[in-house]
Amino acid sequence: SHRHTLASCARRRKGGASSTSSATAVKTRAANFHGMAAELRARPHTGALLTAAVGLLWYLLANPRSPDLAAQVARSGVARGAGLTEWWVGWFGGLQLPTYSVLAPLTMAAFGTAVAGSLAVIAAVVAMTDLLRGTRRPALGSAVFAVMAVADVVVGRITFALALAVRLLALAALRRGLRVAVAS
């Protein structure tokens, strides 16, 4: 083994076959890396969605529990059982549900808290990637945003994630010049 190492070092110094194949391998790896980097620059959503997908896969498999998640599950249960209600007495003496969110409890009731949070992350990442288009480092910014969006859902802030997704999608639509009429 030691002799083999010395022989390959000697061949490389002399410019033998080993050094040529090593140099070719290094050039190939460098070209592949630069190709992947160019692909991420051309399509920043790829890296961001991959980052979010890995984080969300862990989230869905690990099923972490947090204090804020209990509130989300409870509000989802109320929406599933009673629909939209004005007042709910089941949470520390009662609270007005619409002041917290109208969208979140119904969405979580329809899809479940984990899936609703995951959908919110994907929508927010897509919107943020669109908003970062044309900036200096859209792929990096989008990937960092994806990590933060997943972290927000992991700690149980599903309602915030849903609201953020809606807001970012609205900003992305405005940036693209899309106008939607909303009944008041």
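Residues numbered from 1 in each chain as written. Predicted model: local features only at pLDDT ≥ 70, side-chain atom pairs only at ≥ 80, totals over all residues. Heavy atoms only, no water.

Caption draft 1: Inspection of the environment of G156 at higher detail. The topology assignment puts G156 in the loop between α7 (138-154) and α8 (158-175). The sequence separation of G156 and P67 amounts to 89 residues, and the corresponding C-alpha distance is 7.3 Å. If we skip the residues at most four places from it in the chain, G156 touches S66, D68, L69 and Q72. (Helix = DSSP H or I, 4+ residues; strand = E, 2+ residues; numbered from the N terminus. Contact = heavy atoms within 4.5 Å.)

Caption draft 2: Broad picture of the nonpolar core. Among the nonpolar cores identified, the biggest contains 27 residues, and V121, V125, F145 and I158 are the most heavily contacted of them. For this core, the secondary structure elements donating two or more residues are α3 (44-62), α5 (103-111), α6 (113-131), α7 and α8. It is α6 that provides the largest number of residues to this core, a total of seven residues. F145 has contacts with A124, V125, M128, L164 and L168, leaving out every residue within four places of it along the chain. (Core = buried A, V, L, I, M, F, W, Y, C linked by side-chain atoms within 4.5 Å. Buried < 20%, exposed > 50% of the residue type's maximum accessible area, 1.4 Å probe, protein only.)

Caption draft 3: Looking closely at the packing of α5 against α8. Remark: α5 packs on α8, axes separated minimally by 9 Å, with the N-to-C direction vectors making an angle of 105°. Relative to α8, the element α5 lies roughly perpendicular. On α8, the residues touching L103, A104, T107 and M108 of α5 are I158, T159, L162 and V166. (Axes fitted to C-alpha atoms, helices over the stretch in contact; angles between N-to-C directions. Parallel < 35°, antiparallel > 145°, perpendicular 65-115°, else oblique.)

Caption draft 4: How the structure looks around helix α4 (residues 67-82). End to end, α4 covers 23 Å across 16 residues, agreeing with the expected 22 Å (1.5 Å per residue, within 8%). Among all positions in α4, only L69, A71, Q72, A74, R75, S76, V78 and A79 are buried. Just downstream of α4, G83 is the residue with a positive phi angle, here 75°. (Expected span 1.5 Å × (residues − 1).)

Caption draft 5: Here's a closer look at a nonpolar patch on the surface. Taken together, L140, V144, V147 and M148 make up a surface patch of nonpolar side chains, about 370 Å² in accessible area. Looking at the element boundaries, M148 is found in helix α7. The exposed category is assigned to M148, whose relative accessible area is 52%. (Patch = residues over 30% accessible without salt bridge, like charges linked within 9 Å, V, L, I, M, F, W, Y side chains within 5 Å. Areas by Shrake-Rupley, 256 points an atom, 1.4 Å probe, with all protein chains shown as cover. Salt bridge = Lys/Arg side-chain N within 4 Å of Asp/Glu carboxyl O.)

Caption draft 6: Up close: empty space enclosed by the protein. Scanning all chains against the criterion turns up two cavities of 30 Å³ or more. Of the voids in this model, the second largest cavity is the one considered here, and its volume is about 40 Å³. As for the second largest cavity, its lining consists of A120, V121, A124, A149, D152, A161 and L164. Considering each element in turn, the lining of the second largest cavity owes the most residues, three residues, to α6. Along the lines of polarity and charge, the residues of the lining of the second largest cavity split into six nonpolar, no polar and one charged. (1 Å grid on protein atoms, 1.4 Å probe; cavity = no way out; pocket = protein on both sides within 12 Å on 5 of 7 lines; lining within 4 Å. Points joined across faces, edges and corners; volume = space filled by probe spheres on them. Nonpolar A, V, L, I, M, F, W, Y, C, P; charged D, E, K, R; others polar.)

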